[in-house]
Amino acid sequence: MEEIYAKFVSQKISKTRWRPLPPGSLQTAETFATGSWDNEENYVSMWSIGDFGNLDSDGGFEGDHQLLCSIKHHGDVMDLQFLDQERIVAASSTGCVTIFLHHPNNQTLSASQQWTAAHYHTGPGSPSCSNAPCTGVVCNNPEIVTVGEDGRINLFRADHKEAVRTIDNADSSTLHAVTFLRTPEILTVNSIGQLKIWDFRQQRNEPTQILSLTGDRVPLHCVDRHPNQQHVVATGGQDGMLSIWDVRQGTMPVSLLKAHEAEMWEVHFHPSNPDHLFTCSEDGSLWHWDASTDGPEKSSLFHQGGRNSTFLSHTISNQANVHQSLISSWLSTDPAKDRIEITSLLPNRTLSVNSLDVLGPCLVCGTDAEAIYVTRQLFS
């Protein structure tokens, strides 16, 4: 693990996302977007990681992360997703969803489309229509799915003024995050520890499947789907535990892994190397989980201040009936394969690490300590 570079940006960063590379591109990630929160004025910003390694006269690194452009954002940025190379979708604490367009020729951002009241509270106890934070967004161009504190799910299409589909009372509790399982199917996680699968091909406003951690009702804050095996899903929640689910089997997680000491805010499988997974937490930690099984004796990854033991997952359901070669390393029940190495990527604990993203060898994360951290050499 090579150097991780910090840049202090004078605002709390709530979300960080790499700009996707063109299909078939051999480039590495160069540009990322951030959203801020809990500042007097919040911004969506674009950054370039430039060339690391040139010391300037003050002994600092020049060209570390250059700010390309920023635009004011009304409310906290609750989520941020690229729709394509030029367009970024931002979810606001005001209930608004905005598509920002990045103009690379003159390095500016402009709002190209907006759904101002995508999420709102209605009914007894709320004014006729009060804003509800939009908590999560997932994009599959041209489709955009949003979820919110109001328990509502919206399916938008870029360039359409109205929602294509709205499920008004999808959940009686707050929906915290959403991901696509496959094109017409999404999966949501909520504040009472449930995963729900929804199929937009069905007219009924009911989930097709509900999974949950029995008994606990611990709020789940984040979810990510395995990039190659769409039935494998990772979630993280208020207790800092990492849960791995196989949505084809039962209603319980396959593995529960003891993880962070406070809320887990984001979990991401590496998009092209999914035996590697990354999590970040309110406790100020950023972890790399390595479940690749490339030999019995792995070199220890703990020189960066990670925990000095490997974790054995508590496998709940027996997967023996599934053909072994098809099993993701995250579902394996062979105890030798259940050993997952964890590396702490930040040299020391900081305030909450709110967001992370990985693309190729590059990782970016944003914190409440008003710092953005970047490394270009995850696997060196």
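Under Subcellular location (unreviewed entry), UniProt gives the following word-for-word description of the protein chain: "Nucleus".

Draft legend 1. Structural context of the overall build of the protein chain. Within the protein chain, the regular secondary structure consists of zero helices and 34 strands. Long-range contacts, defined here as pairs at least 24 residues apart, represent 53% of the contacts in the protein chain between residues at least 6 apart. When the accessible area of the protein chain is evaluated, it comes to approximately 16,300 Å², of which 47% is carbon and sulfur surface.

Draft legend 2. Layout of the nonpolar core. Judged by nonpolar contacts, the single largest core of 19 residues is most densely connected at Ala234, Leu242, Ile244, Val267, Leu277, Trp289 and Trp330. Among the secondary structure elements, those contributing two or more residues to this core are strand S23 (232–237), strand S24 (242–246), strand S26 (264–269), strand S28 (286–290) and strand S31 (339–344). Of the residues forming this core, the biggest block, three residues, is contributed by S26. Every residue in contact with valine 267, bar those within four places of it in the chain, is listed here: Cys222, Val223, Asp224, Ala234, Thr235, Gly236, Leu242, Leu277, Phe278 and Thr279. One finds Cys280, Leu345, Leu346 and Ala371 within the second-largest nonpolar core, a separate group that totals 14 residues.

Draft legend 3. Broad picture of the pairing of S28. When you tally the buried positions in S28, you get five out of five residues, the bulk of the element. Of the two faces of S28, the one holding Leu286, His288 and Asp290 and the one holding Trp287 and Trp289 are both buried throughout. Judged from the five bridges that link them, strand S27 (residues 276–281) and S28 form a sheet pairing that is antiparallel. The residue bridging cysteine 280 from the neighbouring strand is leucine 286, located in S28.

Draft legend 4. Representation of the pattern of salt bridges within the structure. Taken as a whole and assessed by the stated rule, the structure comprises 14 salt bridges. A salt bridge links lysine 15 to glutamate 266, with the nearest nitrogen and oxygen atoms 2.7 Å apart. Here the residue lysine 15 occupies a position in strand S2 (residues 13–18), and glutamate 266 occupies one in strand S26, the gap between them amounting to 251 residues. Glutamate 266 matches lysine 15 in its accessibility class, with the two residues each being buried. We note a salt bridge from lysine 72 to glutamate 41, for which the minimum N-O separation is 3.1 Å. Pair noted here: lysine 72 is in strand S7 (residues 66–73) and glutamate 41 is in the loop between strand S3 (31–36) and strand S4 (42–48), with a separation of 31 residues, a long-range link. In this structure glutamate 41 comes out as partly exposed when scored by relative accessible area, which is 40%.

Draft legend 5. Just the environment of arginine 349, in detail. Tracing the sequence through the fold places arginine 349 in the loop between S31 and strand S32 (353–359). Using a relative accessible area of 44% as the deciding quantity, one classes arginine 349 as partly exposed. Along the backbone, arginine 349 and serine 285 are 64 residues apart, and their C-alpha atoms lie at a distance of 6.0 Å. Side-chain polar atoms of arginine 349 contact the backbone oxygen of aspartate 283, separated by 3.4 Å.

Draft legend 6. Seen up close, the pairing of strand S11 (residues 108–115). Here seven bridges tie strand S10 (residues 97–103) to S11, and the two strands are oriented antiparallel to one another. Residue pairing for S11: histidine 103 is matched across the bridge by threonine 108. As consecutive antiparallel partners, S10 and S11 are separated by four residues, and within that stretch glutamine 107 has a phi angle of approximately 50 degrees, a positive value.

Draft legend 7. Spatial organisation of empty space enclosed by the protein. The full count for this structure, using the stated rule, is two cavities of 30 Å³ or more. The computed volume of the second largest cavity comes to approximately 40 Å³. As for the second largest cavity, its lining consists of Leu213, Val218, Leu220, Thr235, Gly236, Gly237, Asp239, Met241 and Ser243. The greatest single-element share of the lining of the second largest cavity, amounting to three residues, is contributed by S23. Counted by class, the lining of the second largest cavity contains four nonpolar, four polar and one charged residues.

Thresholds, definitions, all that
- Residues numbered from 1 in each chain as written.
- Predicted model: local features only at pLDDT ≥ 70, side-chain atom pairs only at ≥ 80, totals over all residues.
- Heavy atoms only, no water.
- UniProt positions renumbered as here; feature names shortened; annotations may be inferred.
- Helix = DSSP H or I, 4+ residues; strand = E, 2+ residues; numbered from the N terminus.
- Contact = heavy atoms within 4.5 Å.
- Areas by Shrake-Rupley, 256 points an atom, 1.4 Å probe, with all protein chains shown as cover.
- Core = buried A, V, L, I, M, F, W, Y, C linked by side-chain atoms within 4.5 Å.
- Buried < 20%, exposed > 50% of the residue type's maximum accessible area, 1.4 Å probe, protein only.
- Pairing = 2+ DSSP bridges.
- Salt bridge = Lys/Arg side-chain N within 4 Å of Asp/Glu carboxyl O.
- Polar contact = N/O pair within 3.5 Å; in protein donor to acceptor, adjacent residues only side chain to side chain.
- 1 Å grid on protein atoms, 1.4 Å probe; cavity = no way out; pocket = protein on both sides within 12 Å on 5 of 7 lines; lining within 4 Å.
- Points joined across faces, edges and corners; volume = space filled by probe spheres on them.
- Nonpolar A, V, L, I, M, F, W, Y, C, P; charged D, E, K, R; others polar.

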